[in-house]
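Observations on chain architecture
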Amino acid sequence: MLGAIPLADWLLILALVAIALLILRLLHKRGEQARLQADSRKPASPRAILQYVLELAGFALLSLLLIGGGVLILEDYQTMQEEIAPAPSIVDIPPDLAFQVEEVTFTTQDGLKLAGWYVPAQNGATVILLHGYGGNRTGMLWHAGVLVQAGYGVLLYDERASGESQGDYRTHGWQDAPDVGSALAYLSARPNIDPQRIGIAGCSIGGQIALQGAVHYSQLRAVWADGPAMLRAVDLPPPNNWATAITFLSNHVLDGMYVWRLGIEAPEPMITIIAQIAPRPILLVGGGAPRSFFGSEAPRVERYAAYAGDNAQVWVIPEARHCDGPYYQPEEYTSRLLAFFAAALSAQP
């Protein structure tokens, strides 16, 4: 929010305003001097008046663009700083949890320890569960409860620099896909794991990471992605009003800031890579309830499905906004979740 901008940033905004006004003043003064040099007895023509008005309008627009651009960049910078900051939290096992979990850790390819909970499978199939941005593994306990009750094994883990997992910064999913590979390596070392019966599910950024994971690791036989976040700005649907146009532009700026601030290459957009999951099944869940000016997340989910291919299904929950489908339609959500993984992870004949 604007009110959260630090004082130094506000001073920079004011400096931009001052520069814009100074430019306006200098240009206006130059125009005045030119007019004074003209014959003062000659009345101003309509064309001269129109030109003067247009000059003022142009100067005002230039000032507005300078100020607006400065505010946009500062807002994006602050957003980027917040999004890459670690989100640690203490993760305790809820005392009323209906199933037992084993506290586990595994190591990523770049040497970080990720913390999680593991429940072995009773039916031979296992699902990796990924939480939303800034959260921890408890955000997927509802899904875990449904799956465990049906006999599935689950591995819930805190994403890098979140919860109790290590990491100096977060990357909005840009560096999280290899961690899914590390989770698969951990599972392969556990007894009674069927490598042909592993799926993945996630909400929000977890849904995005789940899709990325399935692109890179063919061991994942099915993907359930609820409200999957964009990976790059071009993953967003084309703007349809001023608010979405600003958001579209802002996210392109954020992409560049991530590359600059973190010193990493930007991944390929989701719409470019999602087709690589085929023919493995994908179920994309989206909230249908609109937000003011921005609409619902359904168009983004439908856009992903269009690029994924015929292996992708879409379920839009009319009352939901973002990853809150279990609250509004718990029975339908349970039924669809179990049916999806039952069809995808059934024992091979």
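Residues numbered from 1 in each chain as written. Predicted model: local features only at pLDDT ≥ 70, side-chain atom pairs only at ≥ 80, totals over all residues. Heavy atoms only, no water.

So, unusual backbone geometry
- Here A278 and P279 are connected by a cis peptide whose omega angle stands at 5°.
- Structurally, P279 can be placed in the loop between α7 (270–273) and β9 (282–287).
- Positive phi, close to 60°, is recorded for A161, a residue that is not glycine.
- Considering the arrangement of structural elements, one finds A161 in the loop between β5 (153–157) and β6 (162–163).
- Relative accessible area serves as the criterion here: at 3%, A161 is assigned to the buried category.
- The backbone of C323 shows a phi angle near 60°, a positive value even though the residue is not glycine.
- Take C323: it is sitting in the loop between β10 (312–317) and α9 (325–328).
- For C323, a relative accessible area of 22% corresponds to the partly exposed category. (Helix = DSSP H or I, 4+ residues; strand = E, 2+ residues; numbered from the N terminus. Buried < 20%, exposed > 50% of the residue type's maximum accessible area, 1.4 Å probe, protein only.)

Observations concerning the side chain of R303
- Positionally, R303 belongs in helix α8 (residues 298–308).
- As a buried residue without a salt bridge, R303 has its nearest oppositely charged side chain in D235, at a separation of 5.9 Å.
- For R303, the side chain forms a polar contact with the main-chain oxygen of V234, separated by 2.9 Å.
- Each residue touching R303, except ones within four places of it in the same chain, is listed here: V234, D235, L236, P237, P238 and I271. (Lys, Arg positive; Asp, Glu negative; His and termini not counted. Salt bridge = Lys/Arg side-chain N within 4 Å of Asp/Glu carboxyl O. Polar contact = N/O pair within 3.5 Å; in protein donor to acceptor, adjacent residues only side chain to side chain. Contact = heavy atoms within 4.5 Å.)

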